[in-house]
Amino acid sequence: MRPAPLPATPARPFDFSYVDTLPHQDVDGCRLYLGKPATPPPAAQPRLLFVPGAYHGAWCYANYLQYCDEHGIACAAVDLAGHGALAPDPGLLRLTVPDLARQVLAAFDALPGPTVLVGHSLGALLVAWCATQRTPAGLILLAPSPPGNLPGAKALPPKPVDQVCAPPADEEIRSRFAGTPEDADVSAIVARLCDESPGVLNDRYLLRVPVDPGRQRAPGLCIEAGRDTAGRHPEGQDRAVADFLGLDCQRLDDAPHCMMYAAGWERSMAAIHTWFRSTFN
């Protein structure tokens, strides 16, 4: 199959304003942003539900959401409690991965028709777990955090539990998240990142969230970021996640961790679109 077409609009790195134009509704503590495709998608075609990872909100998928709207793909994205437009939140310190996973389930249940769950980083762990509790039409993982029961998964040092975790500094945003030069202006990212719960991070870092691969039956795709940091994504771990959950795997050599808004985000969206067309058309 030919690769999916690239966006009709030019790339706009770090411009997240499109998400602010979308209608939204609040559901069980989270906020759903609903795409508005220029042409109605086919009735039987599933919707993509984008779930962000740590420190991020629905805004991080602004480019993907606009792409979907321009190409007639039904879509939505979610702000989870304490994230995106719902930050700051006095309850953030107490949040855990199960709390956020229940909100993803609520968002999934609120959407009509079949839905493909799409998650990035920690959001990928959330949607992988949710795929064992519901029957999504598909499952797409971007630079995924590993299930706690993945053989050989790498644990990370835990965070102190008595204070919320501030977002990474500009240097890490440039090098790990966006893959930019050292002098790049990342103020638009900094302005939207939020604090994170230590409970949420420690659930991932200490591998406390198992996923039952026998209950995950959806077709799907895992996209590995070739420029991800080896400390968090050791060589072969993302592919092992894909194999563990029965998903296809594709590596984008030039993609940094936050492939959905880094320069060149079109390549990851094209990979999603190609998989989507081959699976549902």
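For the structure itself, look to the data block above.
Residues numbered from 1 in each chain as written. Predicted model: local features only at pLDDT ≥ 70, side-chain atom pairs only at ≥ 80, totals over all residues. Heavy atoms only, no water.

Q: I'm lost on the overall build of the chain in this one. Help?
A: Across its full length, the chain carries eight helices and eight strands. Here the C-alpha radius of gyration of the chain, 17 Å, is about what a compact globule of 281 residues would show, namely 19 Å. When the backbone C-alpha atoms are referred to their principal axes, the chain occupies close to 50 × 45 × 35 Å. The 281 residues of the chain split such that 56% are buried. Taking the intrachain contacts of the chain between residues at least 6 apart in sequence as the baseline, contacts between residues at least 24 apart amount to 78%. When the accessible surface of the chain is totalled, it reaches about 11,300 Å², and 53% of it is carbon and sulfur. (Helix = DSSP H or I, 4+ residues; strand = E, 2+ residues; numbered from the N terminus. Rg over C-alpha atoms; globule rule 2.2 N^0.38 Å. Buried < 20%, exposed > 50% of the residue type's maximum accessible area, 1.4 Å probe, protein only. Contact = heavy atoms within 4.5 Å. Areas by Shrake-Rupley, 256 points an atom, 1.4 Å probe, with all protein chains shown as cover.)

Q: How should the nonpolar core be read in this particular structure?
A: Across soluble globular proteins, you tend to see nonpolar side chains buried next to one another. Counting residues in hydrophobic clusters, the biggest one holds 95 residues, and the most contacted among them are Leu 48, Phe 50, Tyr 64, Ile 189 and Tyr 261. When residues in this core are grouped by element, the largest group, eight residues, is from helix α2 (residues 97–110). Not counting residues up to four positions away in its chain, the partners in contact with Leu 48 are Cys 68, Ile 73, Ala 74, Cys 75, Ala 76, Val 116, Val 118, Ile 272 and Phe 276. (Core = buried A, V, L, I, M, F, W, Y, C linked by side-chain atoms within 4.5 Å.)

Q: Would you explain the packing of α2 against helix α3 (residues 122–130) in this entry?
A: Any two packed helices are characterised by how steeply their axes cross, that is the angle between the axes, and by the distance between the axes. Their axes nearest at 9 Å, the elements α2 and α3 cross at an angle of 65 degrees. Relative to α3, the crossing made by α2 is right-handed. Contacts from Val 97, Leu 100, Ala 101, Val 104 and Leu 105 of α2 reach α3 at Leu 122, Leu 126, Trp 129 and Cys 130. When its residues are assigned to classes, the contact of α2 with α3 shows nine nonpolar, no polar and no charged. (Axes fitted to C-alpha atoms, helices over the stretch in contact; angles between N-to-C directions. Left-handed = near helix turned anticlockwise from the far one by under 90°. Nonpolar A, V, L, I, M, F, W, Y, C, P; charged D, E, K, R; others polar.)

Q: Would you explain the sheet that holds strand β1 (residues 24–27) in this entry?
A: Within a sheet, each strand pairs with its neighbour through backbone hydrogen bonds, oriented either parallel or antiparallel. Reading across from one edge, β1-β2-β4-β3-β5-β6-β7-β8 is the order of the eight strands in this open sheet, with mixed pairing throughout. With partners counted over all chains shown, the strands left at the sheet margins are β1 and β8 (248–252), one partner each. Taking each pair of neighbouring strands and ignoring which way they run, the sheet shows an average axis angle of 20 degrees. Alignment of β1 against strand β2 (residues 30–34), held across four bridges, turns out to be antiparallel. Across the sheet, residue Gln 25 finds its bridge partner in β2, namely Leu 32. (Pairing = 2+ DSSP bridges.)

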